[in-house]
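Read off the chains here:
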Amino acid sequence: MTPAGSRVRTPVSSTGRTPVGSRGRKAVGSTGRTPVITSSDPDAVGLPAQAPARTPAARRPRSWSTPARIRGLAFLAMVLAAASGLGAIVGTAELRRGFREIGHRTGPQVVATSDLYFVLNDMDAQVATVLLAGGETGLGVERARALQIYEQRRSQASRNLQQAAAAAGNAPEAAATLRRLLDGFGRYQALVAETILLDGRRPHAAGQPPDDALARYRQATDLMNDSVLVEAERLTRENGRRLDQTYDHESTLLASMTGVSMVLGLLLLGVLATLQVLLAQRLRRTFNPALALATLAALAFTSLSIGLCSEEKHHLAVAKKDALDSVIALSRARAIGYAAKADERRHIVDPARRVQYEQGFLDRSQQLAELGGATIESYDALFAEAWRRYESAGVITFGGVLGAAMNNITFPGERERAEDTMRKLRSYQAYDRMMRAKVQAGPLREAVRFTTGDQPGDAGHAFDEYDRALEAFLALNQRHFDRSITDAEEALSGWTVLPPAAMAVLIALVYTGVRPRLAEYR
């Protein structure tokens, strides 16, 4: 019994804490709150152990799970496959357009306008021949034949102008040039018609046309040289500028396609390899046939794309730089040659302007094969010396259009044709000096016969020989240009089907490879 008034003592443990379990009572601390007992307390017996701290791997979001990573890599591979296919589709379509532009539009237009320059010069040369012939027969070219050639050249010029008009399209500069050219050409034809009419009224000796006919011809030839030919050359330059722009665009496109194909291909191969490794590590699948086939398909498509770019780059360089540049230069050389022939005939028919036309012939000769400091008297000797240096050391010391063509020899047989052209140009130049001597010595009829004659030993025959050699030189380059364009277009022909097919196959293989593996997680 506890004595009345005595206090009941609550037992205290050795730790100074009130034990739990006293009947009907609960121990209260100084704060009045029930103490919290944790597993760290020595007296906490039978409490559950504290949960261990979560590792970074345990805290990783569910999106980084194995199925999510498989899905992500597979989706990325499909996107890269689609990008490779679409890039090839767009790129090859643009290449087709560019080769069409160079091979079938702009390139031929530049050649056509150069051809127009030649045709216009020969038209004027034939008018001079009409005045030279007069009513005489037994000459190299008689009046009727010269008129026939003039009409042929006039029809050819009209066709070239129609082609140039179609090519000008919406290009404002080309259209304005063409309008001026057409206007000048129309006025020239009117003056020529008057010239021929006046010359035909009074038959005359060879090389001695009536004064009124000669006056009209002076107006016509001045209009031709000061206006019509100037506009024709400007049109050629404008078309040439468009051609160069197209070539630069195609070159840039091919470089971009090569880089993009390589980057996308490497990324696709890397993603497919990573996906293979992931499946091998996580699912113990050492080999996935569908993904292996996708990897091989990606490697093959990338290699084919890069190979196509390399092949098209070669075709483009051969077509433009090796072939078409020479075609344009040689077409221009042919036009300059006919202008020189026209100057020869004007030299005979118009005594008052002989010095002017002699200088014109020298200027044309320098345009063909430039020899520094040459005069009409020294040109042959300087040309002979330059040719000796070429034959002995292979050094080209002459410039001009033909000098540039000689420096762009590329194709089999081209050098032989170039050398034949230069030899026959030298021969023609020598015959020109003989013609000038005959004009001085007289009679004039013999100079006319010698200039227009088409028999061996005549200046006219020497010019025809040179022109045929130049045509063969030009035709060789034209054939290689046509072949390069055809080869380029044929190489692109299969690429309307290959890129979409490759894209579909790659996507299907990736899907086939990962779908069964993802099904294992369901």
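Residues numbered from 1 in each chain as written. Predicted model: local features only at pLDDT ≥ 70, side-chain atom pairs only at ≥ 80, totals over all residues. Heavy atoms only, no water.

Comments concerning the overall build of the protein
Here is step 1: Across its full length, the protein carries 13 helices and 0 strands.
Here is step 2: What you see in the protein, going N to C, is helices and strands ordered as α-α-α-α-α-α-α-α-α-α-α-α-α.
Here is step 3: Among the 522 residues that make up the protein, the fraction classed as buried is 47%.
Here is step 4: Of the contacts made within the protein by residues no fewer than 6 positions apart, 79% connect residues no fewer than 24 positions apart.
Here is step 5: Carbon and sulfur atoms make up 56% of the accessible area of the protein, which amounts to about 26300 Å² in all. (Helix = DSSP H or I, 4+ residues; strand = E, 2+ residues; numbered from the N terminus. Buried < 20%, exposed > 50% of the residue type's maximum accessible area, 1.4 Å probe, protein only. Contact = heavy atoms within 4.5 Å. Areas by Shrake-Rupley, 256 points an atom, 1.4 Å probe, with all protein chains shown as cover.)

Points about unusual backbone geometry
Here is step 1: Cis geometry is adopted by the peptide bond preceding P443, which originates at G442 and carries an omega value of -5 degrees.
Here is step 2: When you line up the elements, P443 lands in the loop between α10 (414-441) and α11 (444-452).

Regarding the confidence of the model for the protein
Here is step 1: Overall, the prediction assigns the protein a mean pLDDT of 86, with 86% of residues at 70 or greater.
Here is step 2: Here residues 1-47 is a poorly scored stretch, pLDDT under 50, and it has 20 contacts once near neighbours within four places are set aside; other chains count. (pLDDT = per-residue confidence, 0-100.)

So, the nonpolar core
Here is step 1: Ranked by size, the top nonpolar core spans 108 residues in total, and within it L120, Y188, L402, M422 and L425 carry the most contacts.
Here is step 2: When residues of this core are assigned to their parent elements, the largest contribution, 19 residues, is made by helix α6 (residues 289-349).
Here is step 3: Once residues lying within four places of it in the same chain are set aside, the contact partners of L120 are A157, F185, M224, V228, L229 and A232.
Here is step 4: Core analysis: the next-biggest nonpolar cluster, separate from the first, contains 23 residues, A74, A77, L264 and L272 among them. (Core = buried A, V, L, I, M, F, W, Y, C linked by side-chain atoms within 4.5 Å.)

Description of the packing of aromatic side chains
Here is step 1: Tallied over the entire structure, the rule returns 12 aromatic pairs.
Here is step 2: A centroid spacing of 5.9 Å and a plane angle of 40 degrees characterise the contact between F301 and W495, whose relative ring orientation is tilted. Of this pair, F301 sits in helix α6 while W495 sits in the loop between α12 (459-493) and α13 (498-519), and the two are 194 residues apart along the sequence. Considered together, F301 and W495 belong to a single accessibility category, that of buried residues.
Here is step 3: An aromatic cluster is built from F118, Y338, F361, Y428, F463 and Y466, whose rings are joined through pairwise contacts. (Phe/Tyr/Trp six-rings, centres within 6.5 Å; stacked < 30°, edge-to-face > 60°.)

A few points about α11
Here is step 1: Those residues of α11 lying buried are L444, A447, V448, F450, T451 and T452.
Here is step 2: In this structure, the buried residues of α11 make contact with α2 (66-133), α6, α7 (354-368), α10 and α12.

Some thoughts on helix α8 (residues 379-393)
Here is step 1: For α8, with 15 residues, the first-to-last C-alpha span of 21 Å sits near the 21 Å given by 1.5 Å per residue.
Here is step 2: Of the residues making up α8, those classed as buried are Y379, F383, A384, A386, W387 and Y390. Here the buried residues of α8 occupy an arc of 165 degrees about the axis, which is enough to place them on one side. What points out from α8, more than 90 degrees from its buried face, is the exposed set A381, S392 and A393.
Here is step 3: Count one or two residues on from α8 and you reach G394, which has phi positive near 70 degrees. (Expected span 1.5 Å × (residues − 1). Arc of directions from axis to C-beta.)

Things to note about a nonpolar patch on the surface
Here is step 1: Residues L86, I89 and V90 make up a contiguous nonpolar surface patch of about 260 Å² in total accessible area.
Here is step 2: Looking at where I89 falls in the secondary structure, it is placed in helix α2. (Patch = residues over 30% accessible without salt bridge, like charges linked within 9 Å, V, L, I, M, F, W, Y side chains within 5 Å. Salt bridge = Lys/Arg side-chain N within 4 Å of Asp/Glu carboxyl O.)

With respect to the packing of α6 against α7
Here is step 1: Packing of α6 against α7 brings their axes to within 9 Å, and their N-to-C directions diverge by 160 degrees. With respect to α7, the element α6 is oriented roughly antiparallel. The hand of the α6/α7 crossing is left-handed. Contacts between α6 and α7 involve R332, A333, I336, G337, A339, A340, D343, E344, R346, H347 and I348 on the former and, on the latter, R354, Y357, E358, G360, F361, R364, Q367 and L368.
Here is step 2: Each residue belonging to the contact of α6 with α7 can be placed in one class, and the counts come to 8 nonpolar, 4 polar and 7 charged. (Axes fitted to C-alpha atoms, helices over the stretch in contact; angles between N-to-C directions. Parallel < 35°, antiparallel > 145°, perpendicular 65-115°, else oblique. Left-handed = near helix turned anticlockwise from the far one by under 90°. Nonpolar A, V, L, I, M, F, W, Y, C, P; charged D, E, K, R; others polar.)

Re the pattern of salt bridges
Here is step 1: Within this structure, the stated rule accounts for 33 salt bridges.
Here is step 2: Salt-bridge contacts for R241 lead to E173; the nearest nitrogen and oxygen are separated by 3.5 Å. One end of the pair, R241, is in helix α5 (residues 211-283); the other, E173, is in helix α4 (residues 172-201), and 68 residues separate them in sequence.
Here is step 3: Given the relative accessible area of 42%, R241 is considered partly exposed.
Here is step 4: On the basis of relative accessibility, which here comes to 52%, the residue E173 falls in the exposed class.
Here is step 5: A salt bridge links R332 to E233; the nearest nitrogen and oxygen atoms lie 2.9 Å apart.

A look at the packing of α2 against α6
Here is step 1: Following both chains from N to C, one finds α2 and α6 inclined at 10 degrees, their axes separated by 8 Å at the closest point. One element, α2, and the other, α6, form an angle in the roughly parallel class.
Here is step 2: Considered class by class, the residues forming the contact of α2 with α6 number 24 nonpolar, 10 polar and 8 charged.

Things to note about the environment of K313
Here is step 1: Position of K313 among the secondary structure elements: in helix α6.
Here is step 2: Separated by 59 residues in the primary sequence, K313 and L254 place their C-alpha atoms 6.7 Å from one another.

Regarding the environment of V327
Here is step 1: Structurally, the position occupied by V327 is in helix α6.
Here is step 2: Of the residues examined, V327 reaches a relative accessible area of 0% and is grouped as buried.
Here is step 3: In this structure the C-alpha to C-alpha distance between V327 and L476, which are 149 residues apart in sequence, comes to 8.9 Å.
Here is step 4: Once residues lying within four places of it in the same chain are set aside, the contact partners of V327 are V111, L474, N477 and Q478.

A short note on the side chain of D350
Here is step 1: Examined against the element boundaries, D350 turns out to sit in the loop between α6 and α7.
Here is step 2: Not counting residues within four places of it along the chain, the set of residues in contact with D350 comprises L214, R218 and Y357.

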